[in-house]
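Here's the letter readout for the chains.
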Amino acid sequence: MNALNRVPSLMARAGTASALTIAAVGGSIVIPGVASDASAATMATKALQVAASKKGAPYRWGATGPNRFDCSGLTLYSFKKAGKSLPRTAAQQYNKTRHISAGNRKAGDLVFFHSGSRVYHVGIYAGKGKIWHAPKTGDVVRLQKIWTRSVWYGRVS
């Protein structure tokens, strides 16, 4: 049994537990208004699940769901359903994320496609080099392999 699974039983036996006790067994302390790594991961996972649930939804430029999407509309919609608001465009979303390296990317991070310094497309990283995204007119929301190295990564927090 790992330390996190022991926290409820330890708390039940002790009646109450101090923050130090919780921390000592690998728990976490919640501070209102501050997102922990765990809650950020949960939010990103939820956003990823929302995007995946929109598989097959038609692309429409300027659309933000729930039945049609453009690329940033899909990310905006997915994170909104996960409890986080994002700006409207891919470039604005890039500017609102914590920029991370490819080596530190995780499922649920945003993947920004760029040409020089101009961000022109965004998707949600699904792991194994793939993203959920709304590609272009005539296409649908789908899972696709990242096709270029001209990408940046951002984490929504």
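Small disclaimer: the values here were computed from a predicted structure and weren't measured. (Residues numbered from 1 in each chain as written. Predicted model: local features only at pLDDT ≥ 70, side-chain atom pairs only at ≥ 80, totals over all residues. Heavy atoms only, no water.)

*Asks:* Can you walk me through the pairing of strand 3 (residues 118-127) in this structure?
*Replies:* In terms of residue burial, strand 3 counts as a mostly covered element, since seven of its 10 residues are buried. One ladder, built from six bridges, connects strand 2 (residues 110-115) with strand 3; its direction is antiparallel. Looking at strand 3, one finds that V111 is bridged to G123. With three bridges connecting them, strand 3 and strand 4 (residues 130-133) associate as antiparallel partners. Paired with Y125 across the strands is I131, a residue of strand 4. What sits between the antiparallel neighbours strand 3 and strand 4 is a turn of two residues, in which K128 has the positive phi angle 55°. (Buried < 20%, exposed > 50% of the residue type's maximum accessible area, 1.4 Å probe, protein only. Helix = DSSP H or I, 4+ residues; strand = E, 2+ residues; numbered from the N terminus. Pairing = 2+ DSSP bridges.)

*Asks:* Can you walk me through the pattern of salt bridges in this structure?
*Replies:* Side chains that differ in sign of charge can pair as their charged atoms come close. In this structure the tally under the stated criterion is three salt bridges. A salt bridge links D139 to R142; the nearest nitrogen and oxygen atoms lie 2.9 Å apart. A relative accessible area of 16% means that D139 is categorised as buried. (Salt bridge = Lys/Arg side-chain N within 4 Å of Asp/Glu carboxyl O.)

*Asks:* Just checking my understanding: could you explain the sheet that holds strand 5 (residues 142-145) for this structure?
*Replies:* The pairing of strands in a sheet comes from backbone hydrogen bonds and takes either a parallel or an antiparallel form. Reading across the sheet, the six strands line up as 1-6-2-3-4-5 and stay open at both edges, with antiparallel pairing between neighbours. Of all the strands in the sheet, the pair left with one neighbour each is strand 1 (98-100) and strand 5. Each strand of the sheet is rotated relative to its neighbour by a mean of 40°, with strand direction disregarded. Pairing between strand 1 and strand 6 (residues 151-155): three bridges, direction antiparallel. Across the sheet, the residue bridging to R98 is R155, located in strand 6. Sheet contacts for helix 4 (residues 71-81): strand 2, strand 3 and strand 4; angle to strand 3, the most-contacted strand, approximately 45°. (Axes fitted to C-alpha atoms, helices over the stretch in contact; angles between N-to-C directions. Contact = heavy atoms within 4.5 Å.)

*Asks:* How should I be thinking about unusual backbone geometry in this particular structure?
*Replies:* Cis geometry is found at the peptide bond from G65 to P66, where omega equals 5°. Mapped onto the elements, P66 comes out in the loop between helix 3 (37-53) and helix 4.

*Asks:* Quick question: what am I supposed to make of helix 4 here?
*Replies:* Each α-helix turn comprises 3.6 residues. Residues three or four places apart therefore point the same way. In terms of burial, helix 4 is largely enclosed, as nine of its 11 residues are buried. Considered for burial, the residues of helix 4 that qualify are C71, S72, G73, L74, T75, L76, Y77, S78 and F79. Phi for G83, located one or two positions after helix 4, is positive at around 100°.

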